[in-house]
Amino acid sequence: MRPAHPTEQAVGMEYYVSDTDGVGGRLREDDEHFRVRELERFDTEPVDASTDAYPHLVFRATLRGWDTNDFASRISDALGISRERVNWAGTKDKYAVTTQLFSVYGADPDDLPEVDGAELEVLGRAGRNLEFGDLAGNAFELVVSEPQRPENAAGITDELAAFGWLESDTSDDATSIGVPNFFGQQRFGSRRPVTHKVGLAIARGDWEGAVMAYLGNPTDAEPEGTREARAFIDRELRRSSDTSSGEQRDPREETRDWQEALERVPNRLRYERSMIHALAEHDGEPGPDEFRAALERVPSNLQRLFVHAAQSYAFNLMLSERLARGLPFDRPVAGDVACFSDTDAPDGLELPDTDRLQRVDERRVDSVTRHCERGRAFVTAPLVGTETELADGEQGEIEREVLDDLGLEPADFDLPGEFHSTGTRRAMLVRTDLDLDREPLTLEFALPKGSYATVVLREYLKVDPVDLG
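Cut-offs applied
Residues numbered from 1 in each chain as written. Predicted model: local features only at pLDDT ≥ 70, side-chain atom pairs only at ≥ 80, totals over all residues. Heavy atoms only, no water. Helix = DSSP H or I, 4+ residues; strand = E, 2+ residues; numbered from the N terminus. Contact = heavy atoms within 4.5 Å. Areas by Shrake-Rupley, 256 points an atom, 1.4 Å probe, with all protein chains shown as cover. Lys, Arg positive; Asp, Glu negative; His and termini not counted. Charge placed at Lys NZ, Arg CZ, Asp CG, Glu CD. Core = buried A, V, L, I, M, F, W, Y, C linked by side-chain atoms within 4.5 Å. Buried < 20%, exposed > 50% of the residue type's maximum accessible area, 1.4 Å probe, protein only. Patch = residues over 30% accessible without salt bridge, like charges linked within 9 Å, V, L, I, M, F, W, Y side chains within 5 Å. Salt bridge = Lys/Arg side-chain N within 4 Å of Asp/Glu carboxyl O. Phe/Tyr/Trp six-rings, centres within 6.5 Å; stacked < 30°, edge-to-face > 60°. Lys NZ or Arg CZ within 6 Å of the ring centre and 35° of its normal. Pairing = 2+ DSSP bridges. Disulfide = S-S within 2.5 Å.

(A) Focus on the overall build of the protein. What the protein contains, in helices and strands, is 13 helices and 15 strands. With respect to the principal axes defined by its C-alpha atoms, the protein has extents near 65 × 65 × 45 Å. Taking all contacts inside the protein whose residues are at least 6 apart in sequence as the whole, residues at least 24 apart take part in 74%. For the protein, the accessible surface area stands at approximately 20700 Å², while carbon and sulfur atoms represent 41% of it. Across the protein, the 54 positively charged side chains and the 94 negatively charged ones have centroids separated by 1 Å.

(B) Just the nonpolar core, in detail. Grouped together as the largest cluster of nonpolar side chains are 95 residues, with contacts concentrated most on I202, L295, F445, L457 and Y460. The contact partners of L295, leaving out residues within four places of it in the chain, are V198, I202, W207, A210, V211, M275, Q303, F306 and F419. Listed in part, the 17 residues of the second largest apolar core include L57, F59, A61 and W88.

(C) Expanded view of a negative patch on the surface. Where like charges cluster on the molecular surface, the negative patch consists of E141, D435, D437 and E444. The residue D435 is located in strand β14 (residues 429-438) in this model. A residue is classified by how much of its surface remains accessible, and D435, at 31% relative accessible area, is partly exposed.

(D) Representation of the packing of aromatic side chains within the structure. Under the criterion given, the structure shown has 12 aromatic pairs. The structure contains a cluster of three or more aromatic residues connected by ring pairs, namely F59, W66, F71, W88 and F102. One Lys or Arg, R426, reaches over the ring of F183 and ends 3.7 Å from the middle of that ring.

(E) View of the pairing of β14. Where strand β9 (residues 175-180) meets β14, 6 bridges bridge the pair, whose relative direction is antiparallel. Within β14, the residue paired with P180 across the bridge is L429. Bridge count for β14 against strand β15 (residues 441-448) is 4 bridges, and the pairing is antiparallel. The residue of β15 that forms the bridge with R438 is L441. Between β14 and β15, which pair antiparallel and follow one another directly, the connecting turn spans 2 residues.

(F) Representation of the side chain of E38 in the model. Structurally, E38 can be placed in strand β3 (residues 34-40). Once residues lying within four places of it in the same chain are set aside, the contact partners of E38 are G90, K92, T99, Q100, L101, L135, G137 and N138.

(G) Spatial organisation of the state of the cysteines. Going through the model one piece at a time under the given rule, you end up with 0 disulfides. Cysteine C339 is unpaired, with the sulfur of C372 as its nearest cysteine sulfur at 8.6 Å. Given the relative accessible area of 0%, C339 is considered buried. Judged by relative accessible area, which is 2%, C372 ranks as buried.

Encoded structure:
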């Protein structure tokens, strides 16, 4: 185990579990070098089925250079409908070739537009829209460009195989490896990791702080114009009683000039501009209700993402502390909460079912360990929400200490609208069968829904997260 890159530590991923030096290099030199295909489990009716009973048109899209949200907006704009009528099971990256499902309420096949960089295949109709639960997982084929030490991949694979030890490999051609099931950097923003800061402010009831965290906080990875706009917002519009500089700054009495901020923020920052528009339209100085309304200007899935990012940050911190204490990830200790596998998962995919939980007391440690060894059970940590029940024993200590340090408790997630979260639990370990080729250095594997390919790749490259895409 070795310390992670500082940018990863800032979002709770404090360690690599492999000690071997990384291969170096970078991902996404070309979109074709990062291929993702959804492992689907969503049934459809024929395309000529009744639109009264089956109003949702379902199609498969292979996208090149499209962010999922942007593609959904392109479809909704072309159809002249609300973006909320376009749904999908999993959000994918822009700089990749991705194959995934979409559903559109009230559309006909002939209505679908031709879109540059997109190949659409109509599959049929459904009685409901796609949801996150309809995705079983994703299969990846990833090429590492210009690795400096490609020979180190074999040693890293051996270490990860030991970390995620399984009683028997499921394939003669692949090696079963395991890594901590961290939320990857893109959960928080690869170049500007702030979504968890927004979510933490929301959970604390600080609506103004949430908006300002999203609008401000410039980073060196952004274009100069964007940095300058965010710096202006931090300098001129943020109200603060921060005394870290040794000087108390009183809240300003005058109304802040949101219109000037709007003029400075580039047009490409659509969500930031939408928030600022809401504040600029308000007559007088905005209060908590106006700041909340500004946050609600962004799509509902992004509203949920803010809170999910705060939960994810806490989860990452819990896993890092478990690593620091030397507790196992592939089997339970007394006090853990385990979940069992989803028996309907596609072949070769370990899919945790967090609706089937069991507390592991001293009497159950051995039996649950045997299930874990066979890939039938997983040790979990919480994504904290209103219905979260924390673990007992040493893992319970970890969970409570992390929440105390963040100033959070489960009741804080009793929030309005899309921000509300009841919470769930998530497997601490993710395992997969890995195919590794050297010329060029290519990794092929599949992960359950919600797990990140970059969490596997970070162990191999050990580079700045920006180079992981």
